[in-house]
Structure formats: structure tokens, C-alpha cells
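Residues per chain are reported as follows:
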Amino acid sequence: MTRVRVLLFNSAVGPFDYSVPAGMDLPVGSVAQVPLGPRRIDGIVWDAGAFGAAEIEASRLRPVAAKYDMPPLSQPLRRLIEWTADYYLASPAAVARMALPSGSLFGPGRSITEYRLTGEPPARMTPQRQQVYDRLGGEQATVRELAAIAGVSEGVIRSLVSSGAFEAVEVPIDRPWPRPDPDHITPSLNQEQQEAADRLAEAVRRAEPVPFLLDGVTGSGKTEVYFEAVAEALRQGKQTLLLLPEIALTQPFLTRIEARFGAAPVPWHSGLKQTERRRAWNAIISGDAKIIVGARSALFLPYANLGVIIVDEAHETSFKQEDGVRYNARDVAVMRGRFEGCPVVLSSATPALESRVMAEAGRYEPLILTHRYGGAQLPRISLIDLTQDAPPRNQWIAPPLLAAMQERLARGEQSLLFLNRRGYAPLTLCRHCGHRFKCPNCSAWMVDHRLSGRLACHHCGHAEPSPSACPECGETDCLVACGPGVERIADEVAALLPTARRAIVTSDTIWSPEKAAEFVAQVEAKAIDVIIGTQLVTKGYHFPDLTLVGVIDADIGLEGGDLRAGERTFQQIAQVAGRAGRAAKPGEVFIQTRHPDAPVIDALVQGDREAFYAAETQARRDANVPPFGRLAAIIISSEDHAEAHEAARQAGAVAPEHDGFAVYGPAPAPLSLLRGRHRYRLLVHARRNVEMQRIIREWLQPMRWAPGVRVAVDVDPYSF
Ligand code: ADP
Ligand code: ZN
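Parameters at a glance
Residues numbered from 1 in each chain as written. Chains lettered and ligands numbered in written order. Predicted model: local features only at pLDDT ≥ 70, side-chain atom pairs only at ≥ 80, totals over all residues. Domains from an automatic or database assignment. Contact = placed C-beta atoms within 7 Å. Nonpolar A, V, L, I, M, F, W, Y, C, P; charged D, E, K, R; others polar. pLDDT = per-residue confidence, 0-100. Helix = DSSP H or I, 4+ residues; strand = E, 2+ residues; numbered from the N terminus. Pairing = 2+ DSSP bridges. Buried ≥ 20, exposed ≤ 12 C-beta atoms within 10 Å, placed from the backbone. Axes fitted to C-alpha atoms, helices over the stretch in contact; angles between N-to-C directions.

### Quick notes on the domain arrangement of the protein
Then, in step 1: As assigned here, the protein comprises domain 1 (2–76), domain 2 (112–172), domain 3 (191–369), domain 4 (380–426 + 483–619) and domain 5 (629–715).
Then, in step 2: For domain 1 versus domain 3, the separation of C-alpha centres amounts to 33 Å.
Then, in step 3: The partner domain 3 presents 4 residues to the 5 residues of domain 1 that form the contact.
Then, in step 4: Among the residues forming the side of domain 1 that touches domain 3, the class breakdown is 4 nonpolar, 1 polar and no charged.

### Considering the confidence of the model for the protein
Then, in step 1: When pLDDT is averaged along the protein, the result is 91; 98% of the residues meet or exceed 70.
Then, in step 2: Across the protein, strand β12 (residues 306–311) holds the top mean pLDDT of 98, while strand β6 (residues 111–117) sits lowest at 83.
Then, in step 3: As scored by the predictor, the complex reaches a pTM of 0.90 and an ipTM of 0.97.

### Examining the sheet that holds strand β5 (residues 66–67)
Paired through their backbone hydrogen bonds, the strands of a sheet run either parallel or antiparallel.
Then, in step 1: Spatial ordering of the open sheet is given by β2-β1-β4-β3-β5, a layout of 5 strands whose pairing is antiparallel. Either end of the sheet is taken by a strand with one partner, and the two such strands are β2 (16–19) and β5.
Then, in step 2: The sheet contact formed by strand β1 (residues 3–8) and strand β4 (residues 39–46) spans 4 bridges and is antiparallel. If you follow L8 over to β4, its bridge partner there is G43.

### Some remarks on unusual backbone geometry
Glycine aside, the phi torsion of most residues is negative, and most peptide linkages are trans.
Then, in step 1: Each neighbour pair has its own omega, and for P626 with P627 the value is 5 degrees, a cis peptide bond.
Then, in step 2: Tracing the backbone shows P627 in the loop between α17 (609–623) and β26 (630–638).
Then, in step 3: That bond from G665 to P666 is cis: its omega, 10 degrees, falls within 30 degrees of zero.
Then, in step 4: With respect to the element layout, P666 can be found in strand β27 (residues 661–674).
Then, in step 5: Residue L89 is not a glycine yet carries a positive backbone phi of 55 degrees.
Then, in step 6: When you line up the elements, L89 lands in the loop between α1 (75–87) and α2 (92–99).
Then, in step 7: Taking the number of C-beta atoms within 10 Å as the measure of exposure, L89 has 22 and is therefore buried.
Then, in step 8: If you check the backbone angles, A207 has positive phi at about 50 degrees while not being a glycine.
Then, in step 9: Position of A207 relative to the elements: it lies in the loop between α6 (191–205) and β8 (211–216).
Then, in step 10: A tally of 16 C-beta atoms within 10 Å means that A207 is categorised as partly exposed.

### Some thoughts on the pairing of strand β24 (residues 546–551)
Then, in step 1: Counted residue by residue, β24 has 6 buried out of 6 residues, so it is predominantly covered.
Then, in step 2: Of the pairings in the sheet, the one linking strand β16 (residues 414–418) to β24 comprises 5 bridges and is parallel in character. Across the sheet, the residue bridging to L417 is G550, located in β24.
Then, in step 3: As defined by bridge partners, β24 adjoins strand β25 (residues 588–593) across 4 bridges and the pair is classed as parallel.

### So, the sheet that holds strand β14 (residues 365–369)
Then, in step 1: Within the open sheet, the 7 strands sit side by side as β10-β11-β9-β12-β13-β8-β14. Their pairing is parallel. Strands with a single pairing partner mark the edges of an open sheet, and in this sheet they are β10 (266–268) and β14. Strand after strand, the sheet turns through a mean of 20 degrees between neighbouring axes, direction not considered.
Then, in step 2: In the sheet, β12 pairs with strand β13 (residues 344–348) via 3 bridges, with the strands oriented parallel. When the bridges of β13 are listed, I310 appears paired with V345.
Then, in step 3: Its contacts with the sheet place helix α7 (residues 222–235) against β8, β9 (239–243), β11 (291–294), β12, β13 and β14, and it is angled at close to 165 degrees to β12.

What follows is the structure, encoded as C-alpha cells:
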């Protein structure tokens, strides 16, 4: 009798050993169903003895119940799952679930049934059914998806299906994907580009597990360079995984890939419908999908044969997952390349300091592009010192910036104003009694959103209609908006430049690929003169007639003093500045600041990236913080304040003492109340050569927490 070790999916227990029934072929990596108590649950056959769980004697083993009809998870992917769980102190089952997300385990079906309203309403109408008719148009989707869109239970949809209100459509999920062609269009690269592209192609050909840092100013043609790595992978018959920070909004980029390779890539992100997901999944695991463009969740999928992994805009903070398994997709991508034996390309105009330090240490291979492609110049950057050149009260556009915008408007060119704050105003208060509108679930102010007429919390999503009176003192006409958000800047533009056609670009206005495409088309058709946007506009866009960028408040990111404040400010402003003057017309950038002498601002104005990186590296080295020293945040939370506090105190009381390993706190976490949970934080600061994860594991694992307490460990935290 053969015994196998199975990692259970939806279970906090295990792995456990099972026996293999006669006749069942169950190689390591197979996905199977096994009994657990009275239930049957899914799991993955793991390497014998893995995770060191206790062995059960052979006579007590229960047999594996069934096996899924799919290729086994490869050895490199199993190693990646183990590494991720170990490094980020997560359970291997939680990581494995990312490799086999819901909807990926399926039976023999070759199609999925979707439904669409026929237009014939049923004789009996209920309020719920009416809501279905109000909210659904021509959507075609599964019952579950339709229920979610209409905001009703699945039962309501099903009853409408049986009364004939919907027609059923069988959607095949094994349609093949069009084949991309590496030589569909071959661009002629300039010398710098060619050298970088040749090196990447060589690494793909030889399957070298090398991490590359493709570092080149905005518009230097990095995309064209890594496309050559994709082309080489195609020639080798291998797959490319291209990770993007915000996949749902990147239709123009997908179109660019299609133009280069003659076939659309296979997208993978949380917004896919079930049929699209299954179809993509089938093709990823069979190897039929050649170019996969995905959000960070695409990193753990079971690719048949990866030839190269590319992380575009690799400095972006959205590669860091902040709940569940708290991993950094950029770093895990490098590990996946190592296990799979394929190169990994981190592409950025403003690399993370970590990546720069790795390149300097010789751990990543640098590929550097020094010029903008085709002779376009980097924009000229000037400062507006707000202590000298202040705008009038309750305005935020200083006179020199306004004058530059007027010039652009007169010349028929476009301007972009950047302010990384959604909504109209970050705080609303009562002039009469001083009441401030706070989120009931979080220690955060409610943000005034005038476009939607609501006050909203940006942390938990709680929202309420904009009040007309103060809930504290009952006065009316007493509520004041404090500070600017993009909507308020847009109003200011309307008042100052009444003829300018405006577009606000935030996740509130651009929430779907269609909206993003619409926005791009409008700008390209020159139907927009002034774009006012959050960090959403700092990414990727290429508008030839955009020649002016104004940074409304460069100081926002610098306040608060977190570890990466300087780095993030530098990246955001350099990226948004990079939107200006990308073609023949030269660009100009104004940075409004109250701290013209801050080193970050100075480096931006001088166009001296190297000075910035050198100073920032030195400061981090001196303080022994990442990437030199290491950090981990331990967040202990409960809905009950006293319970959270007590649990944190107990954990702090038994904090390990170890050379090169220090624990600070507990102290209230920066968001001390989040989604109704009170949060305390212990911060671990460790030397690089200390086994930080092992010490933390040995410290926290034996602890017994009160039932309402949750403990989350964030290794290499971004916000802490
Ligand atoms: P980056 O990714 O570095 O910001 P892109 O690859 O987007 O730069 O290139 C900027 C612009 O220059 C794009 O419009 C791109 O099509 C164009 N470009 C870059 N390299 C070439 C090339 N070798 N031939 C033709 N156009 C190019
Ligand atoms: Zn909230």
C-alpha cells in the first residue's frame, strides 16, 4: 500500500497522510479529494514527509477519495509555495489556495451555462425581481455573477430562470487562444535597447534564472526591450508571465501587446467572469496560453512552462498584498524565476531602493537605458515655493502654474494636475461646534465625495449621504470642507479657466477597462484640456500633446515620516513628470511645495536620480533599516479594545531576546481602529543575518489567544 501526504486546502489542520486506493495513479503534485472527519475536502499530494507533520500508523490511514483530472503541480511551484509560506509566515494551505483559486477545480465539463434576460418580464413581479430588471441590462453571465451584479440572492435569479425570464447560453471553455507571433512586427531598436534586448533574449534562450533590473527613464523604451524577451520565449515555445500593477485598467497596454505580436494576451485578474477564468486557467495549465498578463494573483498559477517573468512598473506598491498572505509579488517573482529556471525582468523608471541595492550588490543584473526614445527630452522641472508664491485662500493652484496652464490652453496643448487625494476634501467639520466627521469603523476622517454626494471612508468603504446639518449641534449651513481633493481642484480649474474641458481621473471615475479606454480616446481626440488625477494618472499613459504637469502638493507624502516617504514621493513625482513632453513637444513640470530645500525635491529639480538614490541608500544603511536591516510588523487585533490590548501586552511580555533582534511596542497601530477592529502593533527590527522568521514563529506559535483575537504578521511591511 502506498501512503501519500496531502496538504489540505480549506482547513487549518494537516497536512495528513492517506493511503492510495488500488489502481489510482497519484504522483506528487496531484490534486485530490480526501476524507476529513465526515467531510470530503480538496488538497494537493505533497512530497513525502513534507512539513514534518506526525505520521499516522499505516493501519489507520484512510484512502484518498478521488483525483481531479488535471496535471500535477510541478516541483518548482511546490517549492515556491513552501518558500512563500515559510518566508511570509503564512500557512502553506493559504498559499496553495492562490495556486488553485476558486473555480479552478472542476469536473469534466467543456462549457459553462450563462444566462441573459430575454426581455419578457414574468407575470409575477416582486420588489426583488424588479431590482433584477432595474439593474441588469444585456449582461450575460453565470447565475452567481448575475446575482452579484443585481444585488439579489442566487435564488431570485434561479426562480426567474425557471419562469423563462432568462435564456441560457452554453459558453465553451476550451476554445483555443490565438497564437502570438514573435515576428509579427519587429521594431528597430536603438543601440542601448538592442544591447539590453539581446542580453534578455540570451537569458531566455539559455533558461538562466537571473533577475534583471531594467532601469530606464520614462519613455526610454523599456517595454519594447522586454517585448524581445517575450518574443524569444515564444520562439522557444514557452510562456511569458507579465505582471502589471493595475490590470483592470490597462486596455491600451493589452492593445499594444496585440499590435506587437498579432494576438491578444490572456488576461488574469479578479475581475474576470467565471467562464473567462476557466478558459484562461485551462490554457495556462495546458501551455496553450503563451502571453499571460496578470495582476499579482497570477504569480502563483500553475504555468506549464514559463520562459520569462516580467514585472512592469516593479516599484509599484500595489504589488504588495496587504491582507491574507501578505507577500510582495515583486520579490516572489524573483523566487519563482529561481525555482522555474527562467529570467525575471523588473522594469521601472524609478526602481525600488531594494532593487537598486540588489543590483549594486551584483545579485540582480542591471540593464540601463539612459535616454528617452527618439530624441524626446525629459521635461524641465521648476519649483513653486508656496511660502512665497501662495495661491489665494481656499485655492491650490499657485499663480505661476495657472499662467502656464493658460498658455497651454491658448496653444491647444494639454495640462495634467496631480494630487494624490480622491474626493473633494479629506475632512469635513462643523464651523459652529467643531464636530469632525469620523468613520464609525476606523480611526479615519470621512472624505467628502461631491460627485457622488457622499461622505466615504477610504479604509473600510463605509459611506453615507452628505449631511445637510451637523449631527452634533443640529445647525445647518455650518459644514466646512477642509483641504483639497481632486474634485475640488477640478472646481478650481472650472472657476479659473472656464473654457477648459476637464477630466477627473481616480478610481472613482475610472473603474473599468471601458472607462479607461474612453478616457484615453478623449484625450487623444483632444476633447480634454486639463486632466486632474491621483496616482492613477502617473502610470503608463503616453499623450503626445500633454506638455504641462503640475504637482499640487509635493509635501503630502513627506509628512507622516514613514520609512519610504522620501522614496515614494520621488517615484510618484518622477512618474507623473514623465507624462509630460513624451513626443516632439517639450514638457514642463511645476512642483508646488512648502519645503523647497527637501533633498527629494532638490533631486527632482536637478534631474539627479543618482544623488537621490545615493543619499537615500546611505540614510537607510545608517539607520540599519530595509534593505539593510529587516522589519516585520505584528498586528494584534480584536473587536474588543481591552482584549486586543491585553493580547498585545502578553505577546510583548514574552518577546524573545536575541542578539540582533529587537521588538518595539506594543503600541496602537497607525490605524488603531480599522473595520471595527482595535489594532495594536509590535515592530520587529532585525539584522540581516538573523533568522527573523524562525524566531517570530517560535515566539508566536505557542501563544494561546482569546477567541476574538487575530494576529497578522507582515514581513517586509510597506505601511506599518
Ligand atoms: P517606457 O516603457 O520606458 O516608458 P516605452 O516602451 O513605452 O517606454 O516607449 C515610449 C514610446 O517610444 C512609445 O510610444 C514606444 O512605442 C516608442 N518606442 C520606444 N522604442 C521604440 C523603437 N525602438 N521603435 C519605435 N518606437 C519606439
Ligand atoms: Zn472606515
